[in-house]
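Structural overview for review
The residues making up each chain are set out below.
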Amino acid sequence: MIIAKTIQQVRDQVCAWKGAGQSIGLCPTMGYLHEGHASLMAASARLCDKTVASVFVNPIQFGPNEDLADYPRDFEHDRALLETEGVDLVFHPDADEMYAADFCTFVDIDVLSQTLCGKSRPIHFRGVCTVITKLLNIVGPDKIFFGQKDAQQLAIVRRMVRDLNFDVEVVGCPIVRESDGLAKSSRNTYLSVKERQAALILSRSVRLGQAMVAGGERRSEKLLAAMRGKLAGEPMAEVEYVEVVDGESMQPVDVFKPGDLVAMAVRIGTTRLIDNFTVGDPAIVIPEV
């Protein structure tokens, strides 16, 4: 596996692969990798000849009071997982390789970034769109892979790719969960033992919502009332939002249809967790615990 620290190293290697007629998959990550990230790389390995993964904690998508300094980092751990998953090249730049001291060009997106996570993280998706644009320009992949857990991010990247005519296919991969149902996240490491148990209220609420949809419910008001009631039963849960939105525009809907998104953000202690499901997708199997 090649470890590249510079943009030029990546471009030179990808150019050689493309010259040999090989297709390229890109898996952008912020590191501290887990099975959810591994599923993206496995998908890339199935669909592309070569896989490039980035490990870069992107500073411009963190607000002033967010966890940039504390975000978990362990490149040796990441390196072992990347090698296990057959990644061909990992791009692990320093921040000054990606952003010059006088950097002042950003990629922003309207409408889709103003709901859900965008309400409380106003600069977040500008940072995401900017770094993904840079990675697409650096790597020039045929396909780029994202997890469904970050469903709003996935929808935003799809729209950005469409609107700016990037020649790349955006591939969404299913949420990967712990055996008790909690969605895999690098931030799960922040949770204490008690908080980890309390965090299961997110997946339990997802299970309730999916059961209601399977039973024929299509009214957002009824669905959200039930899910919020479920979340309210956990004293450690501080709900930021539970919403039903159109799967493409990320705008709230009163009556939902297949492809729409049911999403939540909940703080357990100081840790912000997200979870979701897409209406019409096969129900996740979450054990009763």
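Residues numbered from 1 in each chain as written. Predicted model: local features only at pLDDT ≥ 70, side-chain atom pairs only at ≥ 80, totals over all residues. Heavy atoms only, no water.

1. Things to note about helix α7 (residues 151-163)
- Along its 13 residues, α7 runs 18 Å from first to last C-alpha, staying within 8% of the 18 Å computed at 1.5 Å per residue.
- For α7, the set of buried residues is Ala151, Gln152, Gln153, Leu154, Ala155, Ile156, Val157, Met160 and Val161.
- Buried-residue contacts for α7 involve α5 (117-120), α6 (124-139), β5 (143-147), β6 (169-173), β8 (261-268) and β9 (271-278).
- Asparagine 165 sits one or two residues past α7 and shows a positive phi near 60 degrees. (Helix = DSSP H or I, 4+ residues; strand = E, 2+ residues; numbered from the N terminus. Expected span 1.5 Å × (residues − 1). Buried < 20%, exposed > 50% of the residue type's maximum accessible area, 1.4 Å probe, protein only. Contact = heavy atoms within 4.5 Å.)

2. Here we look at the domain arrangement of the protein chain
- Under the domain assignment, the protein chain is made up of domain 1 (2-173) and domain 2 (186-279).
- For domain 1 and domain 2, the distance between their C-alpha centres works out to 26 Å.
- Between domain 1 and domain 2, the residue contacts involve 23 residues of the former and 20 residues of the latter.
- When domain 1 packs against domain 2, close to 1,700 Å² is buried across both sides, 54% of that on carbon and sulfur atoms.
- Scanning the region where domain 1 abuts domain 2 turns up one salt bridge. (Domains from an automatic or database assignment. Buried area = accessible area lost by both parts, 1.4 Å probe. Salt bridge = Lys/Arg side-chain N within 4 Å of Asp/Glu carboxyl O.)

3. Describing the UniProt feature "active site" (unreviewed entry) in the protein chain
- Under the UniProt annotation, "active site" (unreviewed entry) lies at His37.
- Within the secondary structure layout, histidine 37 lies in helix α2 (residues 35-47).
- On the basis of relative accessible area, histidine 37 is assigned to the buried category, the value being 13%.
- Those residues in contact with histidine 37 that sit more than four places away from it in its chain are Thr29, Gly31, Tyr32 and Ser186. (UniProt positions renumbered as here; feature names shortened; annotations may be inferred.)

4. Topic: the packing of aromatic side chains
- Scanning the entire structure with this criterion turns up four aromatic pairs.
- An angle of 75 degrees between the planes, with centres 5.9 Å apart, marks the rings of phenylalanine 62 and tyrosine 71 as edge-to-face.
- Exposure remark for phenylalanine 62: the relative accessible area of 6% places this residue in the buried category.
- On the numbers, 5.4 Å between centres and 90 degrees between planes, the contact of phenylalanine 103 with phenylalanine 106 is edge-to-face.
- Connected via pairs of aromatic rings, a cluster forms that spans Phe56, Tyr99, Phe103 and Phe106.
- When the ring centre of phenylalanine 106 is taken as reference, the NZ or CZ atom of arginine 126 above it lies at 3.9 Å. (Phe/Tyr/Trp six-rings, centres within 6.5 Å; stacked < 30°, edge-to-face > 60°. Lys NZ or Arg CZ within 6 Å of the ring centre and 35° of its normal.)

5. Let's talk about the pairing of β6
- As paired strands, β5 and β6 are joined by five bridges and run parallel to one another. In the strand pairing of β6, isoleucine 144 is matched with valine 170.
- Each parallel crossover has a hand, and the one from β5 via α7 to β6 is right-handed. (Pairing = 2+ DSSP bridges. Right-handed = clockwise from strand over helix to strand, strands pointing away.)

6. Considerations on the UniProt feature "binding site: beta-alanine" (unreviewed entry) in the protein chain
- What UniProt calls "binding site: beta-alanine" (unreviewed entry) maps, in this numbering, to Gln61.
- Considering the arrangement of structural elements, one finds glutamine 61 in the loop between β3 (50-55) and α3 (75-84).
- A distance of 2.9 Å separates polar atoms of two side chains, one belonging to glutamine 61 and the other to asparagine 58. (Polar contact = N/O pair within 3.5 Å; in protein donor to acceptor, adjacent residues only side chain to side chain.)

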